Amino acid sequence: MNKFIGTGVAIITPFKEDFTVDVEGLKNLVKDQIKNEIEYIVVLGTTGESATLSDSEKELVKKTIIEANDGELPLVLGIGGNNTAALVNEFQNTDLDAFDAILSVSPYYNKPSQEGIYQHYKALAAVSSKPIIIYNVPGRTASNILPETIKRLATDFTNIIGVKEAAGDIVQAMKIISIVPKGFLVISGDDMITLPMVLAGGHGVISVIGQGLPKEFSQMVRLGLDGKVKEAYKLHYKIAPSIDLIFAEGNPAGIKSLLEAKNACKPVVRLPLVKVSDKLKQELQTFVDRY
């Protein structure tokens, strides 16, 4: 699974002012990621505002990214939910030919036990035609996948190949790294602690800021993977202020505002999300100008 070592980008869905999908903006963003040498693209994740896209819009986003990518980078498709039976059906009936793996978030709102989380992923593993990356983000799901549960899933199912670990807890991340089988991918889901996780033995990141600063952020990750600590931290501290800024008023409003400052897309998000404040917009513009 070397194709998922390094920097993956959780790509946004750009919208026009009328809230329709900005197809040309999405194509240009994909091409920019390729040009700036990220390792893979994650399609229809939380950052892509998948929760507010219709089924036809999701198909449009997938088609646009597949065509713009033209086989250059591996693609990971986000398919998650809190109804296991419905998700099994979606896994079985989605055309996955263009995708290399599935990123599937732990069930949200229901707050399952650790055994419930295990059984959920067991059901998905039984029907999936593609490798699965678990997504642990307790800040959104209200339940944390414990390291022991991740180890159990990693050990029991060969097609569960990794975890996007976004609890924001470096101690938990280190424990996962220390107990999972060799070759199981531990991927940061938190931009700010990506480098410490990589230096502790992690395999990279699925990033938000990566699409705004793809060349520098992916280079930081590669330096970390190569053990070049001083060079990696030099880039980390250069990039770090932008990470605080893009998450200050929520994701993806922040990264869309940064991309607007780079003339890459409009800052439009769909309700219940709203654009960032004028103050934050100016701070992001100032960061980009100085950067």
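Below, the structure is looked at part by part.

Scoring rules and cut-offs
- All residue numbers refer to positions counted from 1 along the written sequence of the respective chain.
- Where totals are concerned, whole chains, interfaces and linings use all residues; where local detail is concerned, this predicted model gives features only for residues with pLDDT of at least 70, and gives and counts side-chain atom pairs only at 80 or more.
- Water and hydrogen atoms were dropped before computing side-chain values, which therefore reflect all heavy atoms in the structure.
- Every helix listed is a DSSP run of H or I at least four residues long, and every strand listed is a run of E at least two residues long, numbered separately from the N terminus.
- What the globule rule says is 2.2 Å times the number of residues to the power 0.38, and the radius of gyration is computed from C-alpha atoms.
- Residue exposure (1.4 Å probe, protein chains only): buried if accessible area is under 20% of the type maximum, exposed if over 50%, otherwise partly exposed.
- Residue contacts are counted whenever heavy atoms from the two residues lie within 4.5 Å of one another.
- Points on a 1 Å grid, built from protein atoms alone, make a cavity when a 1.4 Å probe fits but cannot get out and make a pocket when they are open with protein on both sides within 12 Å along at least 5 of 7 lines; residues with an atom within 4 Å of a point are the lining residues.
- Grid points are joined across faces, edges and corners, and a volume is the space filled by probe spheres set on the points.
- Charged means Asp, Glu, Lys or Arg here, nonpolar means Ala, Val, Leu, Ile, Met, Phe, Trp, Tyr, Cys or Pro, and polar covers whatever is left, Gly included.
- The criterion for strand pairing is that DSSP finds at least two bridges linking the strands in question.
- One speaks of a salt bridge when a side-chain nitrogen belonging to Lys or Arg is within 4 Å of a carboxyl oxygen belonging to Asp or Glu.
- Every axis corresponds to a line fitted to the C-alpha atoms, with the helix fit spanning only the stretch in contact, and the corresponding angles, defined between N-to-C directions, vary from 0 to 180 degrees.
- By definition, any crossing whose near helix is turned counterclockwise from its far helix by less than a right angle is left-handed, and any crossing with a clockwise turn is right-handed.

A word on the overall build of the chain
At step 1: Counting its secondary structure elements, the chain contains twelve helices and eight strands.
At step 2: Against the globule reference of 19 Å for 291 residues, the chain gives a C-alpha radius of gyration of 18 Å, in line with a compact fold.
At step 3: On the principal axes, the C-alpha backbone points of the chain span a range of 50 × 45 × 35 Å.
At step 4: Going through the 291 residues of the chain one by one, you find that 54% of them count as buried.
At step 5: In the chain, the share of contacts with a sequence separation of at least 24, taken over all contacts with a separation of at least 6, comes to 70%.

Regarding the layout of surface pockets
At step 1: The volume enclosed by the largest pocket comes to roughly 1100 Å³.
At step 2: If you go around the largest pocket, you meet 42 residues; those closest to its centre are Leu44, Gly45, Thr46, Ser50 and Ala51.
At step 3: Elements represented by at least two residues in the lining of the largest pocket include exactly α2 (55-69), β3 (75-78), β4 (101-105) and α5 (138-141).
At step 4: With four residues, the single largest contributor to the lining of the largest pocket is α2.
At step 5: Of the residues assigned to the lining of the largest pocket, the class counts are 18 nonpolar, 13 polar and eleven charged.

Remarks on the pairing of strand β1 (residues 6-10)
Consecutive residues of a regular strand have side chains that alternate between opposite faces of the sheet.
At step 1: Counting buried positions along β1 gives five out of five residues, so the element sits mostly inside the fold.
At step 2: Summarising the sheet, β1 and strand β8 (residues 204-207) pair through four bridges and their orientation is parallel. Bridging across to β8, Val9 finds its partner in Ser207.
At step 3: With three bridges joining them, β1 and strand β2 (residues 40-43) adopt parallel strand pairing. Paired with Val9 across the bridge in β2 is Ile41.

A short note on the pattern of salt bridges
At step 1: In total, this model carries twelve salt bridges according to the counting rule given.
At step 2: The partner of Lys281 in a salt bridge is Glu260, and the shortest N-O contact between them spans 3.7 Å. On the criterion of sequence distance, the pair formed by Lys281 in helix α12 (residues 278-290) and Glu260 in helix α11 (residues 253-261) is long-range, its members being 21 residues apart.
At step 3: Residue classification places Glu260 among the partly exposed positions, given a relative accessible area of 24%.

What about the packing of helix α9 (residues 214-225) against helix α10 (residues 229-247)?
Helix packing geometry: the angle between the two helix axes and the distance between the axes.
At step 1: The contact between α9 and α10 brings their axes to 9 Å, and the two run at 140 degrees. Read as a crossing pair, α9 and α10 show a hand that is left-handed. The segment α9 lies against α10, with Glu216, Phe217, Gln219, Met220, Leu223 and Gly224 engaging Glu231, Ala232, Leu235, His236, Ile239 and Ile243.
At step 2: Of the residues that constitute the contact of α9 with α10, the class distribution is seven nonpolar, three polar and two charged.

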